[in-house]
Amino acid sequence: MQYRTLGHTGVRVSALSLGAMNFGAIGRTTQDEANTIVDAALDAGVNLIDTADFYPGSEEIVGRAIAGRRDDLVLATKAGLPVDDDHSHRGASRRWLVTELDRSLRRLGADHVDLYQIHRWDPATSDEETLSALTDLQRAGKIRYFGSSTYPAYRIVQAQWAAREHHLGRFATEQPGYSILQRAAEADVLPVTEQYGMGVLVWSPFASGWLSGAIRADREFRTNRSANMPERFDTALPVNRAKLDAVEQLAKVADEAGLTMIQLALGFVLAHPAVSTALIGPRTLDHLNSQLAAADVVLPADVLDAIDSIVAPGTDLAPGEKVDTRPALLDPSLRRRR
């Protein structure tokens, strides 16, 4: 396992980190299965586990799985997305973050988390409000560092300036979606994180399973994601056909390089100088083992050039699937003078 420094924090993290979204209701990974996955991951050198209040049951499962060895790893969680139908149980206000962190700590069975992340930018809350609350939580010893997740580049910049202007703690990390098929982060988000010395935890390096090796033109799609989100895998749709065409070309590149698709996908995101760690989210021990095999893969320049020729730098092959679209593009009222 390779290790990298998480931005300017000085914290050393494994190149592959364990994402726990599939623990619990979303991926239906049970406690016993999660215990086995966590044990194997830690034995392989993984030292960061990332979860969120938004993943039903995940924090509780992670807490039980790491019991007795909390101090051996970097524990990260997130808040901000809706956790129920109560409209006050979401966002990045001081009221909610203070309350929800205590709830997360109870679920995790911990007295602090190493990294507390705002799951999505909250346009209803000022940067000063959010950063002030996070700074106070840090000073209280409940969190060691705080970061953002899936923030547009301009919001990352704005938050950094707000921290400076108001003499508050700043976001130390960003967690963007990034893969061979979703490369828009290369245009602005990743350069901005480098500019501000932020650590980067990449989510969805397999592009919802498209780059896992399980999806090919000559076989039926039977992944968990394809069952839960069939519209994203219907190859009658031009956007999905484009992804499948790219996957077939990428598979040839992987074969010629003697790599699996998983190794190609993880090697690609880890090659970017801004990336600190890639989050893998296995549902089973077999998934984990296949992903850990990529821990020491370094892609040569000719393979990276071949990838660029298939999916151009900065290109998103499925922009409609992105979850970091700016609010002004989603809400017409933000584009129209009243």
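For the structure itself, look to the data block above.
Okay, so let's go over this structure. (Residues numbered from 1 in each chain as written. Predicted model: local features only at pLDDT ≥ 70, side-chain atom pairs only at ≥ 80, totals over all residues. Heavy atoms only, no water.)

Side note on the packing of aromatic side chains
Under the convention used in this document: Geometry of aromatic contacts follows a simple scheme: Phe, Tyr and Trp rings, the Trp one being its six-membered ring, pair when their centres are within 6.5 Å, and the pair is stacked under 30 degrees between planes, edge-to-face over 60, tilted otherwise. In DSSP terms, a helix is any run of H or I states spanning at least four residues, a strand is any run of E spanning at least two, and both are numbered starting from the N terminus. Relative accessibility under 20% of the residue-type maximum defines a buried residue, over 50% an exposed one, and the middle range a partly exposed one, all with a 1.4 Å probe and only protein chains included.
Evaluation of the coordinates by the stated rule reveals four aromatic pairs. Both rings, one in Tyr 151 and one in Phe 171, keep their centres 5.6 Å apart while their planes meet at 80°; by these two values the pair is edge-to-face. Of this pair, Tyr 151 sits in the loop between strand E7 (143–149) and helix H5 (153–166) while Phe 171 sits in the loop between H5 and strand E8 (173–175); the two residues are 20 residues apart in sequence, bridging distant segments of the chain. The burial state of Tyr 151 is the same as that of Phe 171; both residues are buried. The interplanar angle of 45° and the centroid separation of 5.5 Å between the aromatic rings of Tyr 178 and Phe 268 together place this pair among those described as tilted. In this pair, Tyr 178 sits in the loop between E8 and helix H6 (189–195) while Phe 268 sits in helix H9 (residues 261–270), placing the two residues 90 residues apart along the sequence.

Comments concerning the pattern of salt bridges
Threshold: Basic side-chain nitrogens of Lys or Arg form a salt bridge, by our definition, when they fall within 4 Å of a carboxyl oxygen of Asp or Glu.
Scanning the model with the defined rule gives 13 salt bridges in all. As a salt-bridge pair, Lys 142 and Asp 102 come within 2.8 Å of each other at their nearest N and O atoms. With a gap of 40 residues between them, Lys 142 in the loop between helix H4 (127–139) and E7 and Asp 102 in helix H3 (residues 94–108) connect regions that are remote in the sequence. For Lys 142, a relative accessible area of 25% translates into the label partly exposed. For Asp 245, the salt bridge goes to Arg 241, with nearest N and O atoms at 3.9 Å. A residue pair is termed a helical-turn pair when its members lie 3 or 4 positions apart in one helix, as Asp 245 and Arg 241 do in helix H8 (residues 238–257) at four residues. Given a relative accessible area of 37%, Asp 245 falls into the partly exposed group. Linked by salt bridges that have partners in common, Glu 59, Glu 100, Arg 103 and Arg 107 make up one network.

A look at helix H10 (residues 285–292)
The criterion, for reference: The reported arc concerns the directions from the helix axis to the C-beta atoms and nothing else. By definition, residues are in contact when any of their heavy atoms lie within 4.5 Å.
Of all the positions in H10, only Leu 288, Gln 291 and Leu 292 are classed as buried. The buried residues of H10 all sit within an arc of 100° when viewed along its axis, so they share a single face. Each element contacted by the buried residues of H10 is listed here: strand E3 (16–19), helix H1 (31–43), H9 and strand E10 (277–280).

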